[in-house]
Amino acid sequence: MQDAVLAMLAKEPAHGYHLHARLQRSLGPLGEAMNRGQIYVTLGRLERAGLVVCERAEGLPERPERKVYALTPAGQQRVAAWLAEVGWPKPDLAEFHLKLAAAAAARLADPVELVAAQRRELLRRLREVQGAVLAEAAGSPAVLLLEGVVLRLQADLRWLEACERAWSRRGNENGVEGG
């Protein structure tokens, strides 16, 4: 959640309420259960860590002083590192989806390239696990676990293909190659 909030702030400084709304929109029905308070707790942690700064901004008459959060240089570096990160069993689907949405919204990275990097990592892991399955003795209890890992990787790869199709279409609709 922290990295997604930071990436959303990379586009522009924002109020906690605005960040909550953007995260909910990005997650669709999965974001409906997101507690607004969680955003403010996350922003407080990020501020204490020196990744965001909080400024008072003029607001509406009924809320004259609202807090606006913006990235610090350290926050910008963390966003860049998060976007470059690939791995498995990470990401969880919602986190990876938010990474793609935030990268596209703030024009930090091409979502199709992020999907491709994740796919390369999953394919590498799949080759490793398939080799481990072949190396195990027939009937070994470890084979069942390894086969489960293979199935999970294959499912994740299919989902990444769907992500690539969706983000490629979105980029082509916007007149941009890939994202």
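A quick note: this is a predicted structure, and the numbers were derived from the prediction, not measured.

### Observations regarding the packing of aromatic side chains
With the rule as written, the count across this model stands at 1 aromatic pair. Here the aromatic rings of phenylalanine 96 and tryptophan 159 are separated by 6.0 Å at their centres, their planes lie at 65°, and the arrangement is edge-to-face. In this pair, phenylalanine 96 sits in helix H5 (residues 93-105) while tryptophan 159 sits in helix H7 (residues 141-173), placing the two residues 63 residues apart along the sequence. Cation over ring: lysine 99 sits above tryptophan 82, and NZ or CZ is 5.3 Å from the ring centre. Lying across the ring of tryptophan 167, arginine 170 places its NZ or CZ 4.4 Å from the centre.

### A word on the pattern of salt bridges
All told, the structure shown has 6 salt bridges when counted by the stated rule. The shortest N-O distance in the salt bridge between glutamate 164 and arginine 119 comes to 2.7 Å. Taken together, the residues span a long stretch of sequence, with glutamate 164 in helix H7 and arginine 119 in helix H6 (residues 111-135) at a distance of 45 residues. Here arginine 119 falls in the buried class, since its relative accessible area comes to 18%. Among the salt bridges present, the one from glutamate 121 reaches arginine 124, with a minimum N-O distance of 2.8 Å. On the criterion of helical spacing, the pair formed by glutamate 121 and arginine 124 is a turn pair, its members being 3 residues apart in helix H6.

### Observations concerning the packing of helix H2 (residues 16-27) against helix H3 (residues 36-48)
Two quantities define a packed helix pair, namely the angle between the helix axes and the distance between the axes. Interaxial distance between H2 and H3 falls to 9 Å at its minimum, and their mutual angle equals 120°. Relative to H3, the element H2 is oriented oblique. Relative to H3, H2 is oriented so that their crossing is right-handed. Taking contact as the criterion, the partners of Gly16, Tyr17, Leu19, His20 and Leu23 in H2 are, on H3, Arg36, Ile39, Tyr40 and Leu43. Of the residues contributing to the contact of H2 with H3, the split by class is 6 nonpolar, 2 polar and 1 charged.

### Observations regarding H2
In this model H2 runs 17 Å from its N-terminal to its C-terminal C-alpha over 12 residues, within 8% of the 16 Å that 1.5 Å per residue would give. Turning to H2, its buried residues number three or more, namely Gly16, Leu19, His20, Arg22, Leu23, Ser26 and Leu27. Down the axis of H2, the buried set is contained in an arc of 165°. They therefore lie on one face. Two residues or fewer after H2 comes glycine 28, characterised by a positive phi angle close to 60°.

### Let's talk about the environment of tyrosine 69
Of note, tyrosine 69 is situated in strand S2 (residues 65-71). Along the primary structure tyrosine 69 and alanine 57 are separated by 12 residues, whereas in three dimensions their C-alpha atoms are 9.8 Å apart. Apart from the residues lying within four places of it in its own chain, the contact partners of tyrosine 69 are Leu9, Pro13, Ala14, Gly16, Leu43, Glu47, Val52, Val53 and Cys54.

### Structural notes on the nonpolar core
Where a protein is soluble and globular, its nonpolar side chains tend to be buried together. By size, the foremost hydrophobic cluster in this structure holds 39 residues, and its most contacted members are Val5, Leu9, Leu19 and Leu23. Breaking this core down by element, the ones donating at least two residues are helix H1 (2-11), H2, H3, S2, helix H4 (73-84), H5, H6 and H7.

### Description of the packing of H1 against H2
The geometry of H1 relative to H2 is characterised by a closest axis approach of 11 Å and an angle of 110° between their N-to-C directions. Taken together, H1 and H2 sit at an angle that is classed as roughly perpendicular. Across the interface between the two elements, Ala4, Val5, Met8, Leu9 and Lys11 from H1 touch Leu19, Arg22, Leu23 and Ser26 from H2. Within the contact of H1 with H2, the residues separate by chemical class into 6 nonpolar, 1 polar and 2 charged.

Rules behind the numbers
Starting from 1, residues in each chain are numbered consecutively following that chain's sequence as written. At least 70 in pLDDT is required for a residue's local features to be given in this predicted model, at least 80 for side-chain atom pairs to be given and counted, and no such filter applies to totals for whole chains, interfaces and linings, which use all residues. Based on all heavy atoms of the structure, the side-chain values leave hydrogens and waters out of the count. Centres within 6.5 Å are what make two rings of Phe, Tyr or Trp a pair, Trp counting through its six-membered ring; a difference in plane orientation under 30 degrees is then read as stacked, over 60 as edge-to-face, and the rest as tilted. In DSSP terms, a helix is any run of H or I states spanning at least four residues, a strand is any run of E spanning at least two, and both are numbered starting from the N terminus. Lysine and arginine charges are scored as sitting over a ring when NZ or CZ, respectively, is within 6 Å of the ring centre and within 35 degrees of the ring normal. For this document, the term salt bridge refers to a Lys or Arg side-chain nitrogen within 4 Å of an Asp or Glu carboxyl oxygen. The classification of residues rests on relative accessible area computed with a 1.4 Å probe and restricted to protein chains. Under 20% of the type maximum is buried, over 50% is exposed, and intermediate values are partly exposed. Axis definition: a line fit to C-alpha positions, over the contact stretch in the case of helices; interaxial angles, taken between N-to-C directions, run 0 to 180 degrees. An angle counts as roughly parallel when it lies under 35 degrees, as roughly antiparallel when it exceeds 145, as roughly perpendicular when it falls between 65 and 115, and as oblique in every other case. A clockwise turn of the near helix away from the far one marks a right-handed crossing, whereas an anticlockwise turn of less than a right angle marks a left-handed crossing. Contacts are residue-level and defined by heavy atoms, with any inter-residue pair within 4.5 Å sufficient. Three categories are distinguished: nonpolar for Ala, Val, Leu, Ile, Met, Phe, Trp, Tyr, Cys and Pro, charged for Asp, Glu, Lys and Arg, and polar for the others, with Gly belonging to the last. Expected helix span is taken as 1.5 Å per residue step, with the number of steps being one fewer than the number of residues. Picture the helix axis, draw a direction to every C-beta atom, and the arc is the one those directions span. Buried Ala, Val, Leu, Ile, Met, Phe, Trp, Tyr and Cys residues that are joined via side-chain atoms within 4.5 Å together make up what is termed a nonpolar core.

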